[in-house]
Amino acid sequence: MRTGTQTIETDRGPARVDLTVPGGRAVPASLLVLGHGAGGSVDAPDLTAVRDGALAAGVAVALVTQPYRVAGRRTPPPAGHLDEAWRAVLAVLMGQTGRLPVIVGGRSSGARVACRTAAEVGAVGIVTLAFPLHPPGKPDRSRAGELATGLPTLVVNGDRDPFGVPGAALGVELVVLGGERHDLRKAPSAVAGAVVAFLRAHGWAR
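Residues numbered from 1 in each chain as written. Predicted model: local features only at pLDDT ≥ 70, side-chain atom pairs only at ≥ 80, totals over all residues. Heavy atoms only, no water.

Visitor: Looking at this structure, I do not really get the nonpolar core. What am I missing?
Guide: By size, the foremost hydrophobic cluster in this structure holds 30 residues, and its most contacted members are L31, V33, W86 and V104. Counting residues per element, the ones that place at least two in this core are β2 (13-20), β3 (30-35), β4 (59-65), α3 (79-97), β5 (102-107) and α4 (109-121). No other element matches α4, which puts 6 residues into this core. Leaving out residues up to four positions away in the same chain, V33 has contacts with A62, V64, W86, L90, L93, V102, I103, V104 and G105. Within the second largest apolar cluster, 28 residues are counted, among which are L32, L34, V50 and A57. (Core = buried A, V, L, I, M, F, W, Y, C linked by side-chain atoms within 4.5 Å. Buried < 20%, exposed > 50% of the residue type's maximum accessible area, 1.4 Å probe, protein only. Helix = DSSP H or I, 4+ residues; strand = E, 2+ residues; numbered from the N terminus. Contact = heavy atoms within 4.5 Å.)

Below, the structure written as structure tokens:
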């Protein structure tokens, strides 16, 4: 497995991947691949907390920066372009990691990309942070259908998120953190704890 930072070429431009593996000589239990929010980065507090928690639990973690952010733009391209770049990155990563189970996810926009493409890329599960159920103030424009993938899915949202909180559904485990908004900044360790517990429950972490 190639660790460190690498650039992966996609038809939408180069994406950047920061891959970290657990210490020691043991083979990782799985690979967790996470994407960022629409105008954010992989340095978001919840993503870095999840990375550190997963590494401690024997999980390799890849943080993926979409091509538009690599190019310095904050406004994301259409969803189809995001999905296309994500699929290209996953194809390369899965080729590098052999038979490791791969869990995909991300925060906000990155969570939506992971859900839309999870079955196609061959993921075994999904981790979503701050899933944006609807645009702020527009609950009639629900995106709940994107969570209906048929794969084990974790949703971690704050109860004060203006983008809404998904409801419980078959195959979807919901963790709602009190006092948190969309950025999930107040208690990143709680976010990480929920993710590691989910991974362990499915045998994807130690």
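On we go.
Visitor: Help me out: how do you make sense of α3 in this one?
Guide: Since the α-helix turns once every 3.6 residues, residues separated by three or four places project in the same direction. If you check α3, its first and last C-alpha atoms are 27 Å apart, about what 19 residues at 1.5 Å a residue would give, namely 27 Å. Directly beyond the C-terminal end of α3, a positive phi value near 70° is found at G98. (Expected span 1.5 Å × (residues − 1).)

Visitor: Before we go on, may I ask you to explain the pairing of strand β1 (residues 4-10) in this structure?
Guide: Every other side chain in a regular strand lies on the same face of the sheet, so the side chains alternate between the two faces. Taken together, the 7 bridges between β1 and β2 define a ladder with antiparallel strand orientation. Bridging from a neighbouring strand, Q6 pairs with V17 of β2. Here β1 folds back onto β2, and the loop between the two strands holds 2 residues. (Pairing = 2+ DSSP bridges.)

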